[in-house]
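What follows is each chain in one-letter form.
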Amino acid sequence: MTFVIGCGAHAPGAGPSPEKAPVAMAGQRVYPTTPDEAEALKKNGSAWSNAEIREYYLQLAGSVDTSDAQWKQQGLSPEERARRAFEVRHNARVTTRAMMGDPREVEDLRARDREKYGNPDGPTFAQLVENQRKKGLEGDAVYEAIVDSSQRTDKATNEKFKLEGSK
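Bear in mind the structure is a predicted one, so any value in this text is a computation, not a measurement.

Cut-offs applied
Residues numbered from 1 in each chain as written. Predicted model: local features only at pLDDT ≥ 70, side-chain atom pairs only at ≥ 80, totals over all residues. Heavy atoms only, no water. Axes fitted to C-alpha atoms, helices over the stretch in contact; angles between N-to-C directions. Helix = DSSP H or I, 4+ residues; strand = E, 2+ residues; numbered from the N terminus. Parallel < 35°, antiparallel > 145°, perpendicular 65-115°, else oblique. Left-handed = near helix turned anticlockwise from the far one by under 90°. Contact = heavy atoms within 4.5 Å. Nonpolar A, V, L, I, M, F, W, Y, C, P; charged D, E, K, R; others polar. 1 Å grid on protein atoms, 1.4 Å probe; cavity = no way out; pocket = protein on both sides within 12 Å on 5 of 7 lines; lining within 4 Å. Points joined across faces, edges and corners; volume = space filled by probe spheres on them.

## Topic: the packing of helix α1 (residues 35–43) against helix α3 (residues 78–99)
Part 1: It is at 8 Å that the axes of α1 and α3 come closest, and there the two elements cross at 15°. Between α1 and α3, the crossing angle belongs to the class labelled roughly parallel. Pair α1 / α3 crosses with right-handed handedness. Of the residues in α3, those in contact with P35, A38, E39 and K42 of α1 are V94, T95, A98 and M99.
Part 2: The residue inventory of the contact of α1 with α3, partitioned by class, reads five nonpolar, one polar and two charged.

In structure tokens form, the structure reads like this:
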């Protein structure tokens, strides 16, 4: 499946790169790259099912693997790669929530995250680092674990939509 994001197409696993993609063709579904873009698309009549939104979220989370390989080739440190992986996953979370049509469902997710992480938009990077250190990891192993975990998604939610997770 190809997702048309922003004003361009995105092949699954290729990593978000709307600035390099062709313009969407008539009749293609458009997927946002930011919460503001999601809101603008919704105001213009776009709507997505929760299953479509979850599939898009999985594609975004799955793009970390390809992006990480590029980041390694660029010589980025494990910490920088972890920060970027965190940003991809965090942006996927807030963007796909902005795509949702039912504000109550969004609030349910935000309440879950508030209870689990103390933040309605999921864990902070500092929390992820601390969690890995509590597991006994040190140095670069902390950051490699964050890169890896950024590609894993909630199994129960994926099963609800009959989808497979990213890793």
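So that's the structure; there's more coming.
## Comments concerning the packing of helix α5 (residues 125–134) against helix α6 (residues 140–149)
Part 1: Relative to each other, α5 and α6 sit at 115°, their axes nearing to 9 Å. Between α5 and α6 the crossing geometry is right-handed. The segment α5 lies against α6, with F125, L128, V129, Q132 and R133 engaging V142, Y143, A145 and I146.
Part 2: Split by residue class, the contact of α5 with α6 holds seven nonpolar, one polar and one charged.

## What to know about the layout of surface pockets
Part 1: Here the largest pocket is characterised by a volume of approximately 990 Å³.
Part 2: If you go around the largest pocket, you meet 31 residues; those closest to its centre are Y57, R89, R93, R112 and D154.
Part 3: If you list the elements that add at least two residues to the lining of the largest pocket, you get α2 (50–73), α3, α4 (103–117), α5, α6 and α7 (155–160).

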